[in-house]
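A look at the structure
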Amino acid sequence: MAERRNFNTPKAPRMSHVFPQAVVADNFIFLSGTPGFDLSSGQVISDDFEQQTRQCFQNIKIILEEAGSDLSKVVKTTIFMVAGNDFSVINKVYTEFFPANPPARSTPQVMPFPAGILISVECIALQ
């Protein structure tokens, strides 16, 4: 039987207490949608798309490291964005966090999120 446990760290912002930051199952870590929230304020870091995008990946990096993994072990990302014309910004930030062997990715456009969130990223990583 597969081992499964919820994972949260106080070192990264948590979107909601209704669901965990991540679920660890066997050797996989499944991260919930992670917005560009600032840990100290609990709000989006800025209304700037690039800053929110960079903060999303910084939060993901922290959660993965706290769960015993890292960005090099990410195998799949899903990037949910409100505006459909921000691929160049996403690609710029993506290459900063995944400079070699980037993970598979899909990037659907979605309806507006609450609280000024312009982007949310979820991913699957090996532990």
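In what follows, the accompanying structure is described. (Residues numbered from 1 in each chain as written. Predicted model: local features only at pLDDT ≥ 70, side-chain atom pairs only at ≥ 80, totals over all residues. Heavy atoms only, no water.)

Concerning the nonpolar core
Convention followed: By convention a nonpolar core is built from buried Ala, Val, Leu, Ile, Met, Phe, Trp, Tyr and Cys residues, the set being connected through side-chain atoms within 4.5 Å. Each residue is placed in one exposure class: buried if its accessible area under a 1.4 Å probe, protein chains only, is under 20% of its type's maximum, exposed if it is over 50%, and partly exposed if it falls in between. Numbering of helices and strands runs from the N terminus; a helix is a DSSP stretch of H or I covering at least four residues, while a strand is a stretch of E covering at least two. By definition in these notes, contact holds between two residues if any of their heavy atoms fall within 4.5 Å.
Core analysis: the biggest nonpolar cluster contains 27 residues, and Leu-31, Phe-57, Ile-60 and Leu-64 have the highest contact counts within it. Of all the secondary structure elements, the ones that give two or more residues to this core are β2 (22-25), β3 (28-35), α1 (49-66), β4 (74-81), α2 (87-97) and β6 (119-126). If we ignore the near neighbours within four places in the chain, the residues touching Leu-31 are Gln-21, Ala-22, Ile-60, Ile-63, Leu-64, Glu-122 and Cys-123.

Here's the deal with the packing of aromatic side chains
How we decide: Any two rings among Phe, Tyr and Trp, with Trp reduced to its six-membered ring, count as a pair given centres within 6.5 Å; such a pair is stacked if its planes are under 30 degrees apart, edge-to-face if over 60, and tilted if neither. Our definition puts a charge over a ring when NZ of Lys or CZ of Arg is within 6 Å of the ring centre and also within 35 degrees of the ring normal.
Within the structure shown, the criterion is met by five aromatic pairs. One aromatic cluster in this structure is built from Phe-57, Tyr-94, Phe-97 and Phe-98. In this structure, Arg-105 is placed above the aromatic ring of Tyr-94, and the distance from its NZ or CZ to the ring centre is 4.8 Å.

What about the environment of Gly-36?
By the secondary structure assignment, Gly-36 is in the loop between β3 and α1. The class of Gly-36 is buried, set by a relative accessible area of 0%. Each C-alpha atom, one on Gly-36 and one on Asp-70, is 18 Å from the other, the two residues being 34 residues apart in sequence. Beyond its immediate chain neighbours, meaning those up to four positions away, Gly-36 contacts Gln-43, Val-44, Ile-45, Gln-52, Gln-55, Cys-56, Asn-59 and Ile-119.

Re α1
Given 3.6 residues to a turn, an α-helix orients residues that are three or four positions apart in the same direction. The line we're drawing: The span one expects for a helix is its residue count, reduced by one, times 1.5 Å. Each polar contact in these results corresponds to two N or O atoms within 3.5 Å; when the atoms are within protein, one needs to be able to donate a hydrogen and the other to accept it, and residues that are neighboring in sequence are counted only if both atoms are side-chain atoms.
Between its terminal C-alpha atoms α1 stretches 26 Å, which fits the 26 Å expected from 18 residues at 1.5 Å a residue. Listed as buried for α1 are Phe-49, Gln-52, Thr-53, Gln-55, Cys-56, Phe-57, Asn-59, Ile-60, Ile-63 and Leu-64. Where α1 is buried, its residues meet β1 (4-7), β2, β3, β4, α2 and β6. A side-chain oxygen of the first residue of α1 lies 3.2 Å from the backbone nitrogen of Glu-50; this N-cap is Asp-48. At the C-terminal side of α1, Gly-68 shows a positive phi close to 90°.

Remarks on the side chain of Gln-52
Its location among the elements puts Gln-52 in helix α1. With a relative accessible area of 0%, Gln-52 lands in the buried category.

Quick word on the side chain of Ser-16
Mapped onto the elements, Ser-16 comes out in the loop between β1 and β2. Taking the relative accessible area as the measure of exposure, Ser-16 reaches 18% and is therefore buried. Separated by 2.9 Å, the side chain of Ser-16 and the backbone nitrogen of Val-18 make a polar contact.

Overview of unusual backbone geometry
The phi torsion at Asp-26 lies on the positive side, around 50°, for a residue other than glycine. Here Asp-26 shows up in the loop between β2 and β3. We classify Asp-26 as partly exposed; its relative accessible area is 46%. Not every positive phi belongs to a glycine, and Ala-115 is a case in point at roughly 60°. Given the relative accessible area of 52%, Ala-115 is considered exposed.

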